[in-house]
Amino acid sequence: MAPSFGWWDREAHRGTPVIVKMENPNWSIAEISSPDDDEYGDGEEFAVPGGGARKGARGKNAKQITWVLLLKAHRAAGCLTYLASAAVGLASAVRRRVVSGRTDSDAASSLPEESPVLRSRFYSCIKVFLWLSVVLLGFEFAAYLKGWHLSAVEMHRLVLPSSLGVRGLLESLYTGWVRFRVEYIAPLLQFLADACVILFLIQSADRLILCLGCFWIRFKGIEPLPKRSIGASEDPESGGDDYPMVLVQIPMCNEKEVYQQSIAAVCNLDWPRSNILIQVLDDSDDPTTQALIKEEVEKWQQNGAHIVYRHRVIRDGYKAGNLKSAMNCSYVKEYELVAIFDADFQPTPDFLKRTVPHFKDNEELGLVQARWSFVNKDENLLTRLQNINLCFHFEVEQQVNGVFINFFGFNGTAGVWRIKALEDAGGWLERTTVEDMDIAVRAHLKGWKFIYLNDVECQCELPESYEAYRKQQHRWHSGPMQLFRLCLPDIIRSKIGFWKKSNLIFLFFLLRKLILPFYSFTLFCVILPLTMFVPEAELPAWVVCYIPAAMSFLNILPALRSFPFIVPYLLFENTMSVTKFNAMISGLFQLGSAYEWVVTKKSGRSSEGDRISLMKKEPKQQRGASAPNLDAVAKDELKPKKESKKKHNRIYRKELALAFLLLTASARSLLSAQGIHFYFLLFQGISFLLVGLDLIGEQID
């Protein structure tokens, strides 16, 4: 019985031979039989690593290979399932956010005196290009199917068809179109492309020189040092010569999310109370916000802080008018320096001790600017991309200009001014939306020098929604063009040297404020798509891919932790060129939107380190409770509460129109087999689509 059972057992294990074909070159094609074949010495070959095969391999190797293949197949299926579920989830989120979206024409932020026709003119131009590209794409696709593609050389040997049918008419139309674009459109388009490429190379060279200057500063360890430091042995409360009189200003407007943390941070500055005065310059038009800010100031007054509350009845001139009104107070003449912090900025307690000493024994110094750091830089993709830009601005642009030419644009906050320099420059003016750049240029023309401190940081917030960031960038790019028109005669007539005048006109204004947004939009969003429909005009691959990638790498060097976002950064910068170009044009030609000022929306975030430092200060001068006194706003609290506003998306028509234009051009590039151009246009079109649907950043209330 036993032998027959064993024989039956061997027969039961003997199965159909399996052929395993593997594409991995480390394994050879082998026939795998049942385990018993090896046991009986059938001499079957089994796959082994290295591409060879050996006889007499154990049967468990075949089973192991089978299980490995099954596991890999299971993992691949799981990966595909995960990708499918993620795609479905993303599509569902996109659908929900788009359904709740509102078009940018519904925005209530536009100025009442601005003409709707003027506002939509730029959008109308983009729509014309879009529809023209769609028509041309259909025409070119039909020509591709018919095999009508002609080169410029073949045009001269072409004989028009004599047939008067539909086919002959279409061939005649296409032939006429090809001749027209070769003779008239292509030369003009190629000229514009070459001009933009030259501007692109000049701007890239400027950026490279700035990076080399930053590298030289790092290599040599160049750092601004004060001629005299504050005496360590001197009692801060006693004042003295080392502690000049400092006026601190906090301008704010309806910023109830951040007023507490900014006032607390400024009141905790390590400076003698007798030598400092804090002005809270509240321009809020909301009575509840006014009451809350005023109450916060009164709490700090009771705790011994030298702080006053100011509210303007006539709110003219935005931030510049607010600062100008505060400087007209009679007691300002007692102070030597003024430090300015926006409502979301939180200076460290030693901020004044690290900035004010630079003014000692340096009578030519008018401004000390500190660096910004951001408490919410990792909040979402939008804040990460902003952090890349601003890190390059502070680490490279501001530092290099401060070290080598003692001039840079004042950032509007986190800086200390000599009051004499402000008065000598003419004080704050309300003529532009960039009052900080305006006062810096006028002070530079008067001969005052600036110092930038890269190691002194002041924390603040980045806009977390695209709507807030877009409005901020519009103001930052329209204002400089306004200022350039107004300051150009003063720059030419000023007594500063020729090279300083050249730097102001050609580098500071023209190259970095006008040419940069102009070529970014024109080259990559207009000329490049058009060259797909007019292939006789060409843009080389190094313009489309290699140099932009190199410039993006240089931009991201000061924030190396953000290196994985280099491709989204490149695409997003080109996407933002629409807003910047529109703002530049409106500022240059004094259009209505150039005077638009919208306070950047804040979320009220503060870092853990700030909260800890403020808690340490609490027994000395921190407020007893953070909850506001409800009696001050009792009437408002007794009113029935309104339902919380739902968050929604803003649908941006210009960005969507450009998205479809670029995607249409990418489809046309397939007919010409232009690989790099296709991928660039495809991903750039997707980037415009995401931004146009407001799928980047947080939703807005």
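Residues numbered from 1 in each chain as written. Predicted model: local features only at pLDDT ≥ 70, side-chain atom pairs only at ≥ 80, totals over all residues. Heavy atoms only, no water.

A. Inspection of the overall build of the protein chain at higher detail. Helix and strand counts for the protein chain stand at 22 helices and 13 strands. Counting all 701 residues of the protein chain, 48% fall into the buried class. Considering only contacts in the protein chain between residues 6 or more positions apart, those separated by 24 or more positions represent 79%. On the protein chain, roughly 35,100 Å² of surface is accessible, and the fraction owed to carbon and sulfur atoms is 61%. (Helix = DSSP H or I, 4+ residues; strand = E, 2+ residues; numbered from the N terminus. Buried < 20%, exposed > 50% of the residue type's maximum accessible area, 1.4 Å probe, protein only. Contact = heavy atoms within 4.5 Å. Areas by Shrake-Rupley, 256 points an atom, 1.4 Å probe, with all protein chains shown as cover.)

B. Inspection of the sheet that holds strand 11 (residues 415-418) at higher detail. Here we have seven strands laid out as an open sheet, ordered 8-7-6-9-11-10-12, and mixed in their pairing. Every interior strand has two partners, whereas the edge strands, strand 8 (307-311) and strand 12 (449-460), have only one. Each strand axis lies, on average, 20° off the axis of its neighbour in the sheet, ignoring direction. In this structure, strand 10 (residues 365-374) lies alongside strand 11, joined through three bridges in antiparallel fashion. In the sheet register, Val368 faces strand 11, and the bridge partner there is Val416. Here helix 8 (residues 259-267) sits on the sheet in contact with strand 6 (246-252), strand 7 (276-282) and strand 8, set at roughly 175° to strand 6. (Pairing = 2+ DSSP bridges. Axes fitted to C-alpha atoms, helices over the stretch in contact; angles between N-to-C directions.)

C. Layout of the side chain of Arg418. Secondary-structure assignment places Arg418 in strand 11. Overall, the relative accessible area of 4% leaves Arg418 in the buried class. Excluding residues that lie within four positions of it along the chain, Arg418 makes contacts with Glu336, Leu337, Phe359, Asn362, Glu363, Leu365, Gly366 and Trp448.

D. How the structure looks around the nonpolar core. Residues Ile263 and Trp417 are the most contacted members of the largest nonpolar core, which totals 87 residues. For this core, the element with the highest residue contribution is strand 12, accounting for seven residues. Other than its neighbours up to four places away in sequence, Ile263 contacts Ile250, Val280, Ile293, Glu296, Val297, Trp300 and Ile307. Within the second largest apolar cluster, 54 residues are counted, among which are Ala186, Met551, Val578 and Ala659. (Core = buried A, V, L, I, M, F, W, Y, C linked by side-chain atoms within 4.5 Å.)

E. View of the pattern of salt bridges. All told, the structure shown has 22 salt bridges when counted by the stated rule. Salt bridges here are not isolated pairs; linked through shared partners, they connect Arg218, Arg371 and Glu395. (Salt bridge = Lys/Arg side-chain N within 4 Å of Asp/Glu carboxyl O.)

F. Main features of helix 21 (residues 653-671). Here helix 21 is 19 residues long and its end C-alpha atoms lie 28 Å apart, about the 27 Å a rise of 1.5 Å per residue gives. Among the 19 residues that make up helix 21, 14 are buried, leaving the element largely enclosed by the rest of the structure. (Expected span 1.5 Å × (residues − 1).)

G. Representation of unusual backbone geometry within the structure. One non-glycine residue, Asn406, lies in positive phi territory at about 55°. Mapping Asn406 onto the fold places it in the loop between helix 12 (381-404) and strand 11. Non-glycine residue Ala414 carries a positive phi angle of around 60°. With respect to the helices and strands, Ala414 occurs in the loop between helix 12 and strand 11.

H. Examining the environment of Ile209 more closely. Mapped onto the elements, Ile209 comes out in helix 7 (residues 166-220). Ile209 gets classed as exposed once you look at its relative accessible area, which sits at 58%. Residues Ile209 and Val400 lie 191 residues apart in sequence; the distance between their C-alpha atoms is 9.7 Å.

I. How the structure looks around the packing of aromatic side chains. Overall, the coordinates contain 26 aromatic pairs when judged by the stated rule. Summarising the aromatic geometry, the rings of Phe408 and Phe450 are spaced 5.7 Å apart at their centres and angled 65° between planes, so their arrangement reads as edge-to-face. Of this pair, Phe408 sits in the loop between helix 12 and strand 11 while Phe450 sits in strand 12, placing them 42 residues apart in sequence. We note that Phe408, like Phe450, is buried. Relative to Tyr652, the ring of Tyr466 lies with its centre 5.1 Å away and its plane at 80°, an arrangement referred to as edge-to-face. Of this pair, Tyr466 sits in helix 15 (residues 466-493) while Tyr652 sits in the loop between strand 13 (649-651) and helix 21, and the two are 186 residues apart along the sequence. Of the residues examined, Tyr652 reaches a relative accessible area of 0% and is grouped as buried. By way of ring pairs, the aromatic residues Phe345, Trp372, Phe394, Phe407, Phe408, Phe410, Trp417, Phe450, Tyr452, Phe484, Phe508 and Phe509 are connected into one cluster. Across the ring face of Phe508, the terminal group of Lys513 is positioned such that the distance to the ring centre comes to 4.3 Å. (Phe/Tyr/Trp six-rings, centres within 6.5 Å; stacked < 30°, edge-to-face > 60°. Lys NZ or Arg CZ within 6 Å of the ring centre and 35° of its normal.)

J. Representation of helix 12 within the structure. For helix 12, built from 24 residues, the straight-helix expectation of 34 Å at 1.5 Å per residue is met to within 8% by its first-to-last C-alpha distance of 34 Å. At His393, helix 12 is bent by approximately 30°, the largest bend along its length. Counting buried residues in helix 12 gives 19 out of 24 residues, a clear majority hidden from the surface. Sitting at the amino-terminal end of helix 12 is Asn380, which places a side-chain oxygen 3.0 Å from the backbone nitrogen of Leu382. (Bend = angle between axes of the 7 residues up to and from the residue. Polar contact = N/O pair within 3.5 Å; in protein donor to acceptor, adjacent residues only side chain to side chain.)

K. Inspection of a nonpolar patch on the surface at higher detail. Residues Phe215, Trp216, Phe219, Ile222, Phe404 and Ile405 make up a contiguous nonpolar surface patch of about 620 Å² in total accessible area. Per-element tally for the nonpolar patch: the top contributor is helix 7, with three residues. Judged by relative accessible area, Phe404 falls into the partly exposed class, the value being 45%. (Patch = residues over 30% accessible without salt bridge, like charges linked within 9 Å, V, L, I, M, F, W, Y side chains within 5 Å.)

L. Focus on the pairing of strand 8. Bridging between strand 7 and strand 8 involves five bridges; their strand directions are parallel. Pairing of Val280 across the sheet is with Tyr309, part of strand 8. In the classification by handedness, the crossover that spans strand 7, the intervening helix 9 (residues 287-302) and the parallel strand 8 is right-handed. (Right-handed = clockwise from strand over helix to strand, strands pointing away.)

M. Region of the structure containing the confidence of the model for the protein chain. Per-residue confidence for the protein chain gives a mean pLDDT of 80; residues scoring 70 or more make up 73%. Across residues 1-14 the pLDDT falls below 50, and counting only partners more than four positions away or on other chains, this stretch makes nine contacts in the model. pLDDT under 50 marks residues 20-57. Its contacts with residues more than four places away, or in other chains, come to 71 contacts. (pLDDT = per-residue confidence, 0-100.)

N. Local environment of the packing of helix 14 (residues 435-445) against helix 15. Contact geometry of helix 14 with helix 15 gives a least axis separation of 11 Å together with a crossing angle of 15°. Here helix 14 lies roughly parallel to helix 15, going by the angle between them. Crossing of helix 14 against helix 15: the hand is right-handed. Residues Met437, Asp438, Val441 and Leu445 of helix 14 form the contact with helix 15, whose own contacting residues are Pro480, Leu483, Cys487, Asp490 and Ile491. Residue composition of the contact of helix 14 with helix 15, grouped by class: seven nonpolar, no polar and two charged. (Parallel < 35°, antiparallel > 145°, perpendicular 65-115°, else oblique. Left-handed = near helix turned anticlockwise from the far one by under 90°. Nonpolar A, V, L, I, M, F, W, Y, C, P; charged D, E, K, R; others polar.)

O. View of the pairing of strand 7. The buried fraction of strand 7 is high, at seven of seven residues. With burial as the criterion, each face of strand 7 is covered, one bearing Ile276, Ile278, Val280 and Asp282 and the other bearing Leu277, Gln279 and Leu281. The pairing of strand 6 with strand 7 spans seven bridges and is parallel. Following the sheet pairing, Leu247 is matched in strand 7 by Leu277.

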